[in-house]
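Analysis of the macromolecular model
Now for the letters of each chain:
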Amino acid sequence: MLVLGIESSCDETAAAVVDDGPRLISSIIHSQVAEHAPFGGVVPEIASREHVNRIAGIVRRALEPVGGLDRIQGIAVTGGPGLVGALLVGLQFAKGLVVARALPYVAVNHLEGHLSAALLAEPRPAYPHIALVASGGHTQLYHAKAFGDYAALGGTRDDAAGEAFDKVAKILGLGYPGGVQIEKAGASGNREAIKLPRALLARKSFEFSFSGLKTAAADYVRNHGGRLEGAELADFCASLQEAIADILTRKAILAARREKAPGIVLAGGVAANTRLRELLQARAAAAGLWAFAPPKVLCTDNAAMIAAAGWMRLTRGERTPIEQSAQSRWPLGAMTQRGRHRSSTPPHGVRP
Ligand code: KG4
Ligand code: ZN
């Protein structure tokens with residue numbers, strides 16, 4: 001089944017096609033970074049307008065390698081979570097195609113999309129595993145038992161990991177997106193140079209907190225003349241990256257040990273960070289676990305991951321009612337009494 005995937009939940013307009021497997025055929029991403037950079041973050045109104053301007057051309061380019069829309073047998077589109085105005089652009093475009101061509105269609109959870117980037121690997125990582133989504137909006141640990149069956153173990157109490165990168169980059173005057181800028185600025189730095197807080201590590205819980213890092217960064221900059229430059233900036237960025245990578249990898253390994261899962265899948269925009277990928281590989285190997293991170297281009301927002309998740313659901317016969325709208329909040333899994341989430345039930349509005 002050839003599936004067209006569409007993603008527009010934040011600041012990337014993306015379309016992709018997957019074939020059976022799922023196997024990636026094409027993936028086109030238009031990043032709006034240049035439009036949002038002057039504001040130091042994503043401006044929702046600008047994001048929606050840019051999606052409207054770009055989506056038709058991006059979908060057309062993604063369809064070129066298969067010979068156009070006539071070959072497409074199903075459509076998958078991000079239904080949430082994300083910016084509602086941005087999500088609606090992709091949703092409405094997809095629904096237009098669905099109605100015009102009478103195609104089967106599913107709305108995909110963006111977080112399940114990030115987790116599904118791993119399905120495009122050859123060979124693909126086996127279930128069960130621990131999955132860590134670290135992006136601009138989320139930092140969540142799951143015990144992924146099978147595709148669509150995720151027990152949520154814990155998430156952030158405040159900022160997401162990517163948000164921490166973005167906010168500190170703004171304090172440092174480095175621009176947007178922060179993770180990329182901090183990785184670049186810290187490349188020649190000493191990651192042990194500056195002691196930064198690692199919240200909640202001692203608690204052995206699966207919760208994260210990154211707001212203390214933002215405060216520590218602001219204090220450090222204020223106490224060092226209001227501006228960091230040269231080697232001092234490099235050391236600070238390398239130390240910040242190390243603190244975030246340290247927290248994320250330790251919690252993921254703790255989760256794998258506690259849940260007796262044999263491996264860890266890393267996902268989301270922050271998973272594009274080279275130091276995080278290295279540290280996870282090294283620590284997982286030392287703990288006797290496997291670790292997998294998708295190619296970097298499949299970590300940051302893209303439609304290949306949405307098409308992959310959509311292919312899994314469409315080929316199982318799942319369909320989303322055409323009336324269902326965008327969902328700004330759409331947790332992957334429902335709460336149980338023990339404070340953990342279970343997710344074998346289909347999300348709201350999706351017919352199994
Ligand atoms: O998954 P994503 O593209 O969008 C969301 O779903 O949020 O993640 C974007 C986040 C941003 O916060 C960005 O700063 C971060 O991922 N990011 C990185 C890197 N590339 C993107 N963080 C650290 N290192 C990177 N190389
Ligand atoms: Zn994302």
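Residues numbered from 1 in each chain as written. Chains lettered and ligands numbered in written order. Predicted model: local features only at pLDDT ≥ 70, side-chain atom pairs only at ≥ 80, totals over all residues. Heavy atoms only, no water.

A separate point is the nonpolar core. Within soluble globular proteins, side chains that are nonpolar tend to cluster in buried spots. Grouped together as the largest cluster of nonpolar side chains are 51 residues, with contacts concentrated most on Leu141, Phe210, Phe236, Ile244 and Leu248. Elements with a contribution of two residues or more to this core: β6 (129–134), α5 (161–172), α7 (211–223), α8 (230–259), β9 (263–267) and α9 (274–286). By residue number, the principal contributor to this core is α8, which donates 14 residues. Ignoring anything within four residues of it in the chain, the contact list for Phe236 reads Val168, Leu172, Ile194, Leu196, Ala217, Tyr220 and Leu228. Counting 32 residues, the second-largest nonpolar core is a separate cluster that includes Ala14, Ala131, Met305 and Ile306. (Core = buried A, V, L, I, M, F, W, Y, C linked by side-chain atoms within 4.5 Å. Buried < 20%, exposed > 50% of the residue type's maximum accessible area, 1.4 Å probe, protein only. Helix = DSSP H or I, 4+ residues; strand = E, 2+ residues; numbered from the N terminus. Contact = heavy atoms within 4.5 Å.)

Bringing the coordination of the zinc ion (ligand 2) into the picture now. Only His110 (NE2), His114 (NE2) and Asp301 (OD) from the protein reach the zinc ion (ligand 2) as donors, at distances of 2.0 to 2.1 Å. Mapping the donors of the zinc ion (ligand 2) onto the primary sequence yields the spacing H-x3-H-x186-D. Taken together, the residues span a long stretch of sequence, with His110 in helix α4 (residues 110–116) and Asp301 in the loop between β10 (290–292) and α10 (304–315) at a distance of 191 residues. Overall, the relative accessible area of 7% leaves His110 in the buried class. Taking relative accessible area as the criterion, Asp301 reaches 13% and is therefore assigned buried. (Donors = N, O, S within 2.8 Å, 3.2 Å for Na, K, Ca; no water.)

Summarising the element assignment, Arg277 is placed in helix α9. For the buried Arg277, which has no salt bridge, the nearest side chain bearing the opposite charge is Glu183, at an N-O separation of 8.2 Å. Those residues in contact with Arg277, other than ones at most four positions away along the chain, are Leu266, Ala271, Ala272, Ala293, Pro294, Pro295, Lys296 and Cys299. (Lys, Arg positive; Asp, Glu negative; His and termini not counted. Salt bridge = Lys/Arg side-chain N within 4 Å of Asp/Glu carboxyl O.)

Now for empty space enclosed by the protein. Taken as a whole and assessed by the stated rule, the structure comprises 1 cavity of 30 Å³ or more. Of the volumes computed, that of the largest cavity is approximately 70 Å³. The wall of the largest cavity is formed by Leu115, Ser116, Ala118, Leu119, Pro125, Tyr127, His129, Ala131, Ala144, Phe147 and Tyr150. Here the residues of the lining of the largest cavity sort into 9 nonpolar, 2 polar and no charged. (1 Å grid on protein atoms, 1.4 Å probe; cavity = no way out; pocket = protein on both sides within 12 Å on 5 of 7 lines; lining within 4 Å. Points joined across faces, edges and corners; volume = space filled by probe spheres on them. Nonpolar A, V, L, I, M, F, W, Y, C, P; charged D, E, K, R; others polar.)

By the criterion of burial, β6 is predominantly enclosed, with 6 of the 6 residues buried. Burial along β6 is two-sided: the face carrying His129, Ala131 and Val133 and the face carrying Ile130, Leu132 and Ala134 are both buried. With 6 bridges joining them, β6 and strand β7 (residues 139–146) adopt antiparallel strand pairing. Residue pairing in the sheet places His129 in a bridge with Ala144 of β7. Between β6 and the antiparallel strand that follows it, β7, lie 4 residues. Sheet topology note: the β6/β9 ladder contains 4 bridges and is parallel. Residue pairing across strands places Ile130 opposite Ile264, the latter belonging to β9. (Pairing = 2+ DSSP bridges.)

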